[in-house]
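Each chain, letter by letter, is given below.
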Amino acid sequence: MRVLLTGAAGFIGTRIAAALRDAGHDVVAVDAMLDAAHGAGAEAPAGCRVLDVRDAAAIAPLLEGVDVVCHQAAVVGAGVNAADAPSYGSHNDYGTTVLLAEMFAAGCTRLVLASSMVVYGQGRYDCPEHGQIDPPPRTRADLDAGVFEHRCPVCGEPVHWRLVAEAAPLRPRSLYAASKTAQEHYALAWAEATGGSVVALRYHNVYGPYMPRDTPYSGVAAIFRSQLESGDVPRVFEDGGQMRDFVHVDDVAAVNVVAVESELGGFDAFNVCSGRPISIMEVAAELCEARGEAPPVVTGQYRSGDVRHIVADPARAGEVLGFHAAVDPRDGLREFAFAPLRG
Ligand code: UD1
């Protein structure tokens, strides 16, 4: 198949390009080479054109003969402050709408979209007494007192995290999350209006070789890894019991190949995760242990707005796409402890 791959020079896009080519696909690779992602003056890798998806005139000729668009290009992270909003809106949402319009004009009917777990907001929780509940945000008083678990809105007792399935309501809580949710909604509306197909892949915490170094937009794996490289000990916030799912970039590349080759119609969304939840403390400990360093420090500090637990349910991606992550995060993180970083 001929695949237009956007964001092809990024941490994830680079691995998808390689995986698609290995699977025999003809890849048209493009990347805007934004300074924020690649550093000022960085050159595109061989075979990748410098192109911003917001540039309709530039994207249109490249769509000729393309069977599927695999759209990875995005401004990532949680957003530092409100000044970032136009950047998320412009690159992620306006960019996607331009792409969808040009796909329609070119008669290209299939999209694979990089989405994120952040669309779910703060995850799913059950109260032992009151069943599934929607907890209110954690209070300053609780966090300052070292009470990090959410409480049941009915009885006030701490609640337990549960796996989040794709049917969960979308509750974006950051600029990035808002932009990813809007991307999905534009893609869904496009699929319904044009009869096209969309596979939205909701990535959990992605890590692996050539992950960008620590920046204000980085996730925790890059932060811990960068701290270790510069001789510091990873600093674990809250009590370290925050649960996540760390999925290796090679598994993310593999599921994109499956999605590109799938024959699903309409709009569909899938969680992309390892299926082996892990605590932030364990992530830090695996990295420290692998490098033979002192154990991580649990600081008890917290960041307002952080999600306590968010863990995806891998079942549907297994049942419908036949995707099962190959890399156990306990193995992958130990390898990541020494993997090269970019930037
Ligand atoms: C991250 C990304 C989000 C992405 C999602 C899924 C950021 C800021 N967040 O969300 O955009 O969509 O993964 O891939 O990029 N922590 C520490 N020490 C630190 C930093 C963080 O203990 O030095 C803790 C945090 O308190 C939090 C956990 O690690 O509990 C995860 O933090 P982070 O990776 O920033 O955010 P996610 O919510 O997982």
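The sections below set out a description of the structure shown in this document. None of the values given here were measured: they were computed from a predicted structure. (Residues numbered from 1 in each chain as written. Predicted model: local features only at pLDDT ≥ 70, side-chain atom pairs only at ≥ 80, totals over all residues. Heavy atoms only, no water.)

Some details on the packing of aromatic side chains
Selection criterion: Two aromatic rings, drawn from Phe, Tyr or Trp (for Trp, its six-membered ring), form a pair once their centres lie within 6.5 Å of each other, and the interplanar angle then sorts them: stacked below 30 degrees, edge-to-face above 60, tilted otherwise. Numbering goes from the N terminus for both helices and strands, where a helix is a DSSP run of H or I of at least four residues and a strand is a run of E of at least two.
Within the structure shown, the criterion is met by 3 aromatic pairs. Consider the rings of Tyr88 and Tyr176, whose centres lie 6.1 Å apart with planes at 55°: the pair is tilted. Highlighted residues: Tyr88 in helix H4 (residues 85-106) and Tyr176 in helix H6 (residues 175-194), separated in sequence by 88 residues. Taking the centre distance of 6.3 Å and the plane angle of 55° together, the rings of Tyr207 and Phe246 count as tilted. Of this pair, Tyr207 sits in strand E10 (residues 205-207) while Phe246 sits in strand E13 (residues 246-248); the two residues are 39 residues apart in sequence, bridging distant segments of the chain.

Quick notes on the site of the ligand
Using the following cut-off: Residues are classed as near a molecule or strand on a simple rule: at least one heavy atom within 4 Å of it. What qualifies as a polar contact is a pair of N or O atoms within 3.5 Å, subject to a donor-acceptor requirement within protein and to the restriction that residues adjacent in sequence count only when both atoms come from side chains.
His204, Asn205, Val220, Phe237 and Asp306 are the nearest of the 22 residues found near the ligand. A distance of 2.8 Å separates an oxygen atom of the ligand from a polar atom in the backbone of His204. Elements represented by at least two residues in the shell around the ligand include exactly helix H7 (220-229) and strand E11 (235-236).

Let's talk about the environment of Gln132
Let me state the cut-off plainly: When checking whether two residues touch, look at their non-hydrogen atoms; a contact exists if any pair is within 4.5 Å.
Along the chain, Gln132 turns up in strand E7 (residues 131-133). Here Gln132 is in contact with Arg124, Tyr125 and Asp126, once residues within four sequence places are set aside. A polar contact is formed between the side chain of Gln132 and the side chain of Arg124, at a distance of 3.4 Å.

Focus on unusual backbone geometry
Our working definition: Residue burial is assigned from relative accessible area. The probe radius is 1.4 Å, only protein chains are included, and a residue is buried under 20% of its type maximum, exposed over 50%, and partly exposed in between.
Within the chain, Met33 stands out as a residue other than glycine whose phi angle is a positive 50°. Note on placement: Met33 falls in the loop between strand E2 (26-31) and helix H2 (35-38). Judged by relative accessible area, which is 10%, Met33 ranks as buried.

A short note on the nonpolar core
This is how it is decided: Put simply, a nonpolar core is a bunch of buried Ala, Val, Leu, Ile, Met, Phe, Trp, Tyr and Cys residues held in one set by side-chain atoms that sit within 4.5 Å of each other.
Formed by 54 residues in total, the largest nonpolar core has its most connected members in Leu201, Tyr203 and Phe336. Looking at this core element by element, the count peaks at 7 residues for helix H8 (residues 249-261). Among residues more than four places away in sequence, those in contact with Tyr203 are Ile12, Ile16, Gln72, Ala114, Ser115, Ser116, Met117, Val252, Asn256 and Val272. In this structure, Leu51, Ile59, Leu100 and Val198 belong to the second largest nonpolar core, which totals 22 residues.

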